[in-house]
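Next come the chains, spelled out residue by residue.
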Amino acid sequence: MTETHTFPKGLPDWSNLEVIHKNTLPPRASFHLYDNEANALTRDTTKSRSLSLSGSWKFSLAKSPFDAPPDFFEKNFDAQKWGKIEVPGMWQLQGYGKGPQYTNVIYPFPVDPPHVPYDDNETGSYIRTFAVPEAFKGDQLRLRFEGVDSSFHVWMNGKEVGYSQGSRNPSEFDITALVDVDGENTLAVQVYQFCDGSYIEDQDQWWLSGIFRDVNLLAFPKVHFQDFKIQTLLDSKYEDATLSVEVDLNTKSDVSLKLLDATGTTVVSASQTASPSTAFSFLIKNPNKWTAEMPYLYQLILSTSDCTVQQRVGFRNSELKNGVFLVNGKPVKFRGVNRHEHHPDHGRSVPYDFLVKDLLLMKTHNINAIRTSHQINDPRLYDLADELGLWVMDECDLECHGFGEVDITSLPAEHRDLSDIDKVKHRVRSPARWTSDNPAWEEAYIDRARQAIYRDKNHACVIMWSLGNESFYGRNHQKMYDFIKAYDPTRLIHYEGDYDAQTVDIYSRMYTSAEDIIKFATESETWDKPLVMCEYEHAMGNGPGNIKEYIDAFYKYPRLMGGFVWEWANHGLRTKTADGEEYMAYGGDFGDEPNDGNFVMDGLLFSNHTPTPGLIEYSKAIEPVQVLGGSKDKVKIINRYDSATLDHLKCEWSLVSDGSKKVGKEVKIPKGMQPGEIAELPIEGLSEIPSRESYLELNFTLLASTNWARAGHTLAFGQIPLSKPETLATLKGSPSAPAVKQLNPQMLEITSSTAQWKFNVVHGTLISWVQDGSELIHTPPILDFYRAQTDNDLPSVFGKDWTGYRLHQTQCHVRSVSWTPGPAGLVVVVSARIAPPVLEWSVDCTFTYTFTDKHLSLKAKGKLCGDSVPSTFARIGLTLGLNGVERASWFGRGPGESYRDKKLSQKLGNYSLSVDELFTDYEFPQETANRTDTRWVSLDGKDGKKLLKASFGELEEASFTILHYTASDIDAAKHPYELYKKKKDETIVRLDWAHHGLGTGACGPATLPDYQLKAGDFEYEILLE
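Fair warning: this is a prediction, and the values are worked out from it, not measured in the lab.

Focus: the sheet that holds strand β39 (residues 649-657)
With antiparallel pairing, the four strands of this open sheet are ordered in space as β40-β39-β42-β43. The strands lining the two open edges of the sheet, one partner per strand, are β40 (660-667) and β43 (714-723). Taking the axes of each pair of neighbouring strands and ignoring which way they run, one obtains an average angle of 20° across the sheet. Looking at chain direction, β39 and β40 are connected through six bridges and run antiparallel. Each bridged residue has a counterpart across the sheet, and for Ser657 the counterpart in β40 is Ser660.

Side note on unusual backbone geometry
Backbone torsion omega between Gly543 and Pro544 reads -5°, so that peptide bond is classified as cis. Turning to its location among the elements, Pro544 is positioned in the loop between β33 (531-536) and α9 (547-556). The backbone of Glu470 sits at a positive phi, close to 40°, despite the residue not being glycine. By the secondary structure assignment, Glu470 is in the loop between β30 (462-466) and α7 (475-487).

Quick look at the pattern of salt bridges
Summed over the entire model, instances satisfying the criterion amount to 62 salt bridges. Of the charged contacts in the structure, one is a salt bridge between Asp149 and Arg348, with a shortest N-O distance of 2.8 Å. A residue pair is termed long-range when its members are at least 10 positions apart, and Asp149 in strand β9 (residues 148-149) and Arg348 in the loop between β27 (334-338) and α2 (352-364) qualify at 199 residues. Across this residue pair, the class does not change: Asp149 and Arg348 are buried. Among the ionic pairs, Lys650 bridges to Glu652, the shortest N-O distance being 3.7 Å.

Some remarks on the pairing of strand β50 (residues 811-822)
Alignment of β50 against strand β51 (residues 825-835), held across 11 bridges, turns out to be antiparallel. Bridge pairing in β51 places Ser816 opposite Ser831. Count of turn residues in the β50/β51 antiparallel hairpin: two residues.

Regarding the sheet that holds strand β16 (residues 215-220)
Within the open sheet, the four strands sit side by side as β3-β16-β8-β12. Their pairing is antiparallel. The open sheet terminates on both sides in strands that have one partner only, identified here as β3 (50-52) and β12 (171-174). Going from strand to strand, the sheet's axes swing by 20° on average, the running direction of each strand aside. Here strand β8 (residues 140-145) pairs with β16 via six bridges, running antiparallel. Across the sheet, residue Leu143 finds its bridge partner in β16, namely Leu217.

Overview of the nonpolar core
Core analysis: the biggest nonpolar cluster contains 126 residues, and Phe334 and Tyr618 have the highest contact counts within it. Ranked by size, the runner-up nonpolar core spans 65 residues in total, among them Val761, Leu766, Val885 and Phe960.

With respect to the packing of aromatic side chains
All chains considered together, the criterion is met by 58 aromatic pairs. With 6.0 Å between their ring centres and 75° between their planes, Phe72 and Phe73 make a pair best called edge-to-face. Accessibility expressed as a relative area gives 16% for Phe73, which makes it buried. Centroid distance Phe759 to Phe851: 6.2 Å. Interplanar angle 80°. Geometry classified as edge-to-face. With Phe759 in strand β46 (residues 756-760) and Phe851 in strand β52 (residues 842-851), this pair connects stretches of sequence that are 92 residues apart. A network of ring pairs unites the aromatic residues Tyr107, Phe109, Phe194, Tyr199, Trp207, Phe403 and Trp434 as a single cluster. Positioned over the ring face of Phe31 is Arg28, at 4.4 Å from the centre of the ring. The ring centre of Phe717 lies 4.9 Å from the NZ or CZ of Lys907, which sits over that ring.

About the criteria used
Residues numbered from 1 in each chain as written. Predicted model: local features only at pLDDT ≥ 70, side-chain atom pairs only at ≥ 80, totals over all residues. Heavy atoms only, no water. Pairing = 2+ DSSP bridges. Helix = DSSP H or I, 4+ residues; strand = E, 2+ residues; numbered from the N terminus. Axes fitted to C-alpha atoms, helices over the stretch in contact; angles between N-to-C directions. Salt bridge = Lys/Arg side-chain N within 4 Å of Asp/Glu carboxyl O. Buried < 20%, exposed > 50% of the residue type's maximum accessible area, 1.4 Å probe, protein only. Core = buried A, V, L, I, M, F, W, Y, C linked by side-chain atoms within 4.5 Å. Phe/Tyr/Trp six-rings, centres within 6.5 Å; stacked < 30°, edge-to-face > 60°. Lys NZ or Arg CZ within 6 Å of the ring centre and 35° of its normal.

Here it is, written out as structure tokens:
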């Protein structure tokens, strides 16, 4: 009889929904064991009973699990010819495999849950050896992986240990029986790029693989802690607290507890027998409370005869009362960010010092909360957040957004570009049916909740659990909620996909407009559940705009909890072109198909984690003290903290005028000023106010150094206008006429005491401006309505409108030119039609040039004509090319870039920067470098020589831009290195009377009506000298 052979012989673990873990130990809190209390109090893991197995491993990559070496895990396997890989790390970023792939929503493999491809599933085989420290002999030995993407098998000395999946969750194995405590041990790990769990790990990030968090060998002595659970329960007055500590040992034994305050003084201590579990409960009289603003931490020490464990404790509670979110009885507003784990060279494998830098940047920029999008983060983040003071919405490692794209074919074409929420009403099939509402996936979902809650339960910073992200809504979310509530009733639970909050404790929205959340907040006088913006202010490229409207709404309406900006940092990966030019790559740059392009570049930080202008603007919007108004004698402020007074701050005033800045005196802040309280601060020592434009500036700084910033760090500022700017009429004065000569029928020559101009009367153009023998004009000035498009312009109605109406292709067609010499100057009047090709709309313009002995005045009057016209302009201003300009000096907002709806972070004052310093080098080239609310700008050459000064007078929101690139150069470039090749010797100068705002149209509300530049008739003037 012929025998039939089948391959594979069974369903692989990595494609089997019934197998999530094999031989893993139960999940537990994240902790290390120490030999004694002294070592435990150091919190130095090198003194703990652990051996790091991170470092250099032997490595081999195969196209699929079935192509990997079948016996590589054998103790005597010869891996001499294998390469090396660093652990923690992602193999795609160490030269292995097909490389990184970025998708936002879609799956990178055929959709057939729970199955993933057998033949196209990169598989990494890892080997390393180690010896067991002498001190570990006789202990239970555990192998703990903090994170492996996406699933893995483990062997020890040729014997299979087990299997686990859940990429960002820890896995722990008991390897005691397999370890040679006296000899060399061989640890082998096989990691699979995809597994059935990948269907619920479809987060908006790079698909990267490997052992990306730490690996440790842990020694648990004969009597040890299996787990412990800490809860702090405040009384109804939020004064006294019950400290509850549940302890699980591996065997019956005595266990002692000690609670120390921040000075090391013992608050309580006790000892009792665990059989093998026990519970401690203490009434703590009026403990110092933990908040993100005042993160007071106690030290809890638990000890057995064999080991000690330490955990910092913050006394706080969170709750809903009358539908308002409270911590320790006080309303809290989240001024937060979504933080993906990202490093430009290491992907999700983030070095500790880089992590620390991230959180310090958050604190110094007034951010008070993190949503761990969309998975639990490196466990060290929570220790830092406890210490520094940051609220954490801890999110389970769960997203299956790609199923929505699978079902997009069931939607009519006109509905396919709607948001997820808007698609719901048009769908005939629910994407939740695949996994979220599929009973077969129940345990997979609950496992994600279990792993997160058990690991992070003891952290004061974790103020709320989140069931995941963009996974639609189904029965398995209810199961997750029920599991969490049964284990931890002290925290609220969030999930945005539960749009009507059927299950979860709060409403949640993404990218809803400020107007709509205000409607939600005011639809009823009473309510049960508040609303959080789990994602808003999409920070892609040059943006986000209109932050203020959201923050004002959060403060005004008690039902609104605040929100988390999307997102913290760009995810660019550092790479090089074939010519060796370094840049930050996005989707498609590694030949990855399919991909979602530069949508991964949407953060408040650049990919190297330095601040973008967007972070500076957000920091201003959420500053803890706001200046509401005032005069030279007194200023009104409000405390925007949630629980802190302003006693830790110092306030000083200064007088900012055009041309000077006077440092004033300290301003006394009332002691004990409570959150939400308004006070008037008297201003002392300010008497004479200059006649030129002036502002009273208040700066609020730290009185003393903290663990996140030094004394003197500025947290907030405000400026009060004291005197008005000079008008153009005043600036003009009473000049005399220049000398005028007609060189030929086309050309007028105008000569003043400081310059010589040439004007082409046939083309209606100023073609020459000679100063000190040097030609200033490279390209004559034109009236322009276009800017290079931003990430927020491109998909919005505005960007489509500008290109559709060909704003970038308009040209000036002269109809007539007249000139009249007079005693006050030469007046040249140009009548012209500015229009694009193909279309019939136009702006009919009259330009009036007035040449005097001191300056040139240019007036532009425009009338929008046509049956079909643009709804908005990108800008209304002059564009010209100039020679020899190296710097700009100006009075207006600065020093950073600013726009109509992204300007409040920039102070009014005098500034000077080089052309290169004015340029913001966005990782996807786009509109950049604008400075708004400008009164005047001086374009300077070498050694500070003044070449040209442009004055706008009292016009509000005038702006300038000076670059070495044209708008078309920027539009054409997809990476900075492409743009650099087009850098020009001359400078491209924009002098704008009006400019369209930025908005967040890449994902969210486009530019708001108040910040739109409506197309229509206009009349402006500028003074050039």
